[in-house]
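# Architecture and fold: a report
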Amino acid sequence: MEPSRHDNRANGRRRRKGGGGRRIAHGPRSPHPHIPLTDEGTPAAIPDAPPVSPVVFVSEESRRRYPWIPPRVIAGSVWRGPGHERVRVDEHGDAAPWKTVQRAG
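To start, this report covers the structure provided alongside it. For clarity, every value in this text was computed on a predicted model and none was experimentally measured.

Criteria and thresholds
- Residues numbered from 1 in each chain as written.
- Predicted model: local features only at pLDDT ≥ 70, side-chain atom pairs only at ≥ 80, totals over all residues.
- Heavy atoms only, no water.
- Helix = DSSP H or I, 4+ residues; strand = E, 2+ residues; numbered from the N terminus.
- Buried < 20%, exposed > 50% of the residue type's maximum accessible area, 1.4 Å probe, protein only.
- Polar contact = N/O pair within 3.5 Å; in protein donor to acceptor, adjacent residues only side chain to side chain.
- Contact = heavy atoms within 4.5 Å.
- Pairing = 2+ DSSP bridges.
- Axes fitted to C-alpha atoms, helices over the stretch in contact; angles between N-to-C directions.

### Brief notes about the side chain of Ser 77
Mapped onto the secondary structure, Ser 77 falls in the loop between β2 (72-74) and β3 (78-80). Judged by its relative accessible area of 17%, Ser 77 falls in the buried class. A polar atom in the side chain of Ser 77 sits 2.7 Å from the backbone oxygen of Ile 74. Beyond its immediate chain neighbours, meaning those up to four positions away, Ser 77 contacts Val 87, Arg 88 and Val 89.

### Quick look at the environment of Pro 36
In this fold, Pro 36 is placed in the segment before β1 (55-57). The class for Pro 36 is partly exposed, based on a relative accessible area of 28%. When the C-alpha atoms of Pro 36 and Ile 46 are compared, they prove to be 7.3 Å apart, with 10 residues separating the residues in sequence. The contacts of Pro 36, once residues within four sequence positions are left out, are Thr 42, Pro 43, Ala 44, Ala 45 and Ile 46.

### Regarding the sheet that holds β3
As summarised here, the arrangement of the 3 strands in space is β3-β4-β5, forming an open sheet in which the pairing is antiparallel. The sheet is open, and its two borders are formed by β3 and β5 (95-97), each paired with just one other strand. Averaged over all pairs of adjacent strands, the angle between strand axes in this sheet comes to 35°, irrespective of strand direction.

Here it is in structure tokens:
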């Protein structure tokens, strides 16, 4: 008796429904949203997008207290220093402890 093409199913190899894992490159739905571009080819502003956080200079006082923070950062960013100490820099460039956890000891 000749082996048939269906014998592979007995070996544990099964075909998945939906084309065996192959995808059509230009299908009707894209997993990525459409991003409008300007004439220069750069991404344009998307309606209802949250505003971009500005880059700020860290205050001199904050740089003295936390010397591991870079001189320019994104407002609202959190930086981790030695001993996993975390500080957040606000829109004025002032750094303050952020979500400090008291350890039981």
